[in-house]
Amino acid sequence: MVISMTIREGKYIAPPWIKYPTYPEQSLFWKSGSGAEYLLKFKENVKNEEEYLKIFPKAPTFTKELTPSESLSQEVKDFLGSSSKPLLIRLWKEDAKPKYEFDINEREDIIFMFDKLFYDDSKHFHIGTKGYSSANEIVELVESELRKESSQLWDELKYTVILNAIYYKFVSDINFTKEVIKTKDNVIVYKSNNLELGVQETDDGKYVGNNLLGLATMELRDVLKEVYANYDDIDWELSGDPDSEEHCMCGHVHY
């Protein structure tokens with residue numbers, strides 16, 4: 001069965017959501033220029049889309065929008081269905097709540113991380129036509145806009161905004177993506193002075209905080225495991241340069 005035409009046997013053209021990972025399907029990027037050209041090239045080289053998608057499942061940015069749960073307020077449902085909703089906001093669950101819930105003080109399979117990645121501005125990236133320098137910048141901008149409408153809007157969508165922001169941050173660099181996949185199924189906890197984003201250790205050795213970054217990282221990790229499972233089988237000679245270069249500890253670049 002022919003799935004795709006490739007230069008090298010056993011390799012595949014990169015799916016659009018990996019070739020240009022920070023451009024959602026609804027972005028104008030795909031309507032003209034390099035985006036439109038790549039879509040044509042992709043369609044020309046994929047002969048069996050159904051089989052191809054078993055190898056490269058669609059990223060959340062290319063899947064159908066979820067219908068908001070009845071548990072959400074009418075204000076939130078109206079906002080999610082309006083034309084004023086930012087392109088980068090997508091529900092990952094119908095109720096906009098975290099996928100995971102647990103008491104970190106009762107877990108032993110924990111990987112501690114620091115919130116530096118959330119604030120890291122070393123790489124500028126675009127979501128659609130807008131540019132951002134960090135996940136924190138995205139969250140601050142969206143929070144400001146939502147709070148102008150109402151505090152309830154922000155409270156209900158806070159986790160969703162954080163989840164989407166760090167998703168774009170991770171996929172903007174394949175090295176970030178692969179590192180989070182390497183954490184396997186361990187519980188991820190961020191140490192942070194911001195107790196919404198992470199946790200702090202108390203004098204009695206207990207951890208307090210909402211750890212929203214950790215919950216979001218675990219949720220997006222589940223998706224990245226599937227979307228990027230066959231990343232090493234992409235033919236970059238056929239696909240053109242990857243969106244970001246892969247580095248190993250020795251400093252070499254890999255394609």
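As a further point, take the packing of helix 7 (residues 151-171) against helix 9 (residues 212-227). Packed helix pairs are specified by the crossing angle of their axes together with the interaxial distance, meaning the distance between the axes. Look at helix 7 against helix 9: their axes get within 9 Å of each other, and the N-to-C directions meet at 55 degrees. One way to sum up the angle between helix 7 and helix 9 is to call them oblique. You can see that helix 7 and helix 9 cross each other, and the crossing is right-handed. Taken together, the residues of helix 9 that come into contact with helix 7 (itself represented by Lys158, Tyr159, Ile162, Leu163, Ile166, Tyr167, Phe170 and Val171) are Leu212, Leu213, Leu215, Ala216, Thr217, Glu219, Leu220 and Leu224.

This paragraph deals with the layout of surface pockets. Taken as a whole, the largest pocket holds about 420 Å³ of empty space. Contributing to the lining of the largest pocket are 18 residues, with Ser84, Pro86, Leu87, Lys130 and Tyr132 lying nearest its centre. Residue contributions to the lining of the largest pocket peak at six residues, all from helix 6 (residues 135-149). For the lining of the largest pocket, the class distribution of residues is eleven nonpolar, four polar and three charged. By volume, the second largest pocket is sized at about 270 Å³.

The rules behind the values
Residues numbered from 1 in each chain as written. Predicted model: local features only at pLDDT ≥ 70, side-chain atom pairs only at ≥ 80, totals over all residues. Heavy atoms only, no water. Axes fitted to C-alpha atoms, helices over the stretch in contact; angles between N-to-C directions. Helix = DSSP H or I, 4+ residues; strand = E, 2+ residues; numbered from the N terminus. Parallel < 35°, antiparallel > 145°, perpendicular 65-115°, else oblique. Left-handed = near helix turned anticlockwise from the far one by under 90°. Contact = heavy atoms within 4.5 Å. 1 Å grid on protein atoms, 1.4 Å probe; cavity = no way out; pocket = protein on both sides within 12 Å on 5 of 7 lines; lining within 4 Å. Points joined across faces, edges and corners; volume = space filled by probe spheres on them. Nonpolar A, V, L, I, M, F, W, Y, C, P; charged D, E, K, R; others polar.

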